[in-house]
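# Structure assessment
Listed below are the residues making up each chain.
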Amino acid sequence: MESLEPERETRAEIYQLRMADRFDLIRLADYFTDLNRDNGVGGMPLFQPQPRGVVSPSPEKVEKAQRSAETPIGEPGWRRFWLAFEAPTGAIAGHVDLQGWSEPYMDHRVLLGMGVHREHRRRGLGRRLLRFASDWATTETQVEWIDLYVLSGNEAARALYASVGFQVTGSFSDKFRIDGESVDEVRMSKAVLRT
Ligand SMILES: CC(C)(COP(=O)(O)OP(=O)(O)OC[C@H]1O[C@@H](n2cnc3c(N)ncnc32)[C@H](O)[C@@H]1OP(=O)(O)O)[C@@H](O)C(=O)NCCC(=O)NCCS
């Protein structure tokens, strides 16, 4: 049987990926609000450690994201977002972000977050976003590790991360109690390889 991969990769090519500028960041709150509507509902697993129905990022979180995107890379609190725009409509179809850890002595590592809007999943966009951010970290920073957290029931994300080389480095049992449910968190990391 012929592989679906080339078709998926081609479909992902319809999206334009670029680093978010300050105008894009203003749109992010609406995008996250819509993305979070899926959290633990309609057949989707919990992917955010927050109760179902809590969808809008707080104004403090939005303000912090905007500030961190202007903080020079490597300085405390820095963060960068990349967005995938659907070519014909300009709608935000997905995102990936990298941020420096707030703890001291962790400048050699970054923390990754990501998501793809429900209308654009299973087209290879998640994998493309991950590669984009990973390539940027390789060429634009000196970091040696990309880390992430994923809720243990989020099989789609875990499979995606494993498919691009992230390895499980630990798990935190019963970390959250969300809507009365015990939720474990898994930590994954990937080395940034430079030749
Ligand atoms: C996880 C998520 C980002 C995947 O994005 P996507 O664009 O659909 O992923 P891709 O199409 O690039 O898929 C790449 C691989 O991921 C895995 N994958 C993606 N969706 C999957 C699903 N529903 N079930 C099982 N595996 C899945 C597969 O291994 C897939 O490879 P394949 O297509 O060759 O089988 C998306 O489902 C999402 O945004 N979920 C909600 C938010 C979220 O979970 N964010 C991550 C928080 S840690």
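Above: the structure in question.
This section reports on the structure supplied with the text. The numbering scheme is per chain: residues are counted from 1 as the chain's sequence reads. The predicted origin of the model limits local features to residues at a pLDDT of at least 70 and limits the giving and counting of side-chain atom pairs to 80 or more, whereas totals for whole chains, interfaces and linings rest on all residues.

By the convention used here, strands pair only if DSSP detects at least 2 bridges between them. Secondary structure elements are taken from DSSP: a helix is a run of H or I of four residues or more, a strand is a run of E of two residues or more, and numbering for both begins at the N terminus. Strand order across the open sheet formed by 7 strands is S1-S2-S3-S4-S5-S7-S6, with mixed pairing between neighbours. The open sheet is flanked by strand S1 (15-19) and strand S6 (167-178), the only strands paired with a single partner. Each adjacent strand pair in this sheet contributes to an overall mean axis angle of 20°, direction not counted. In terms of strand pairing, strand S5 (residues 145-151) meets strand S7 (residues 181-191) through 7 bridges, oriented antiparallel. Each bridged residue has a counterpart across the sheet, and for Ile146 the counterpart in S7 is Lys190. Sheet strands touched by helix H4 (residues 125-140): S1, strand S2 (79-86), strand S3 (92-100), strand S4 (109-116) and S5. Its angle to S3, the strand with the most contacts, is close to 30°. For helices, the axis comes from a line fit to the C-alpha atoms of the stretch in contact; other axes are also lines fit to C-alpha atoms, and the angle between any two N-to-C directions lies between 0 and 180 degrees. In this description, a residue-residue contact is defined by the distance between C-beta atoms placed from the backbone, which must lie within 7 Å.

Under the definition applied here, buried Ala, Val, Leu, Ile, Met, Phe, Trp, Tyr and Cys residues are grouped into a nonpolar core through C-beta atoms within 7 Å. Here a residue counts as buried when 20 or more other C-beta atoms sit within 10 Å of its C-beta, as exposed when there are 12 or fewer, and as partly exposed otherwise, the C-beta atoms being derived from the backbone. Among the nonpolar cores identified, the biggest contains 22 residues, and Leu112, Leu125, Leu129 and Ala133 are the most heavily contacted of them. In terms of residues, this core owes the most to one element, H4, which gives 5 residues. Leu125 has contacts with Ala12, Tyr15, Ala84, Ala93, Gly94, Val116 and His120, leaving out every residue within four places of it along the chain. Tyr161, Val183, Val186 and Met188 belong to the second-largest nonpolar core, a separate cluster that totals 9 residues.

Once that is clear, we can look at the environment of Lys190. Note on placement: Lys190 falls in strand S7. For the pair Lys190 and Thr169, spaced 21 residues apart in sequence, the C-alpha to C-alpha distance is 9.6 Å. For Lys190, the contacting residues outside a window of four places in its chain are Ile146, Gly165, Phe166 and Gln167.

A separate point is the site of the ligand. By nearness alone, 21 residues border the ligand, and Phe47, Arg121, Gly126, Ala156 and Leu160 come closest of all. Elements supplying a minimum of two residues to the shell around the ligand: helix H1 (5-12), S4, H4 and helix H5 (155-163). The element contributing the most residues to the shell around the ligand is H5, with 6 residues. Across the shell around the ligand, the residue classes break down as 9 nonpolar, 5 polar and 7 charged. By convention here, the C-beta atom is placed from the backbone, and a residue is near a molecule or strand when that atom is within 6 Å of it. The classification used treats Ala, Val, Leu, Ile, Met, Phe, Trp, Tyr, Cys and Pro as nonpolar, Asp, Glu, Lys and Arg as charged, and all other residues, Gly among them, as polar.

Turning to helix H2 (residues 22-35), a few remarks are in order. A helix's residues, less one, multiplied by 1.5 Å, set its expected span. The end-to-end C-alpha separation of H2 is 20 Å, in line with the 20 Å expected for 14 residues at 1.5 Å each. Of all the bends in H2, the greatest measures close to 35° and is centred on Leu28. Of the residues making up H2, those classed as buried are Leu28, Phe32 and Leu35. Packed against the buried residues of H2 are helix H3 (59-70) and S4. Note that the bend at a residue is defined as the angle between axes fitted to the seven residues ending at it and the seven residues starting at it.

These results come straight from atomic positions and should not be treated as a statement about function.
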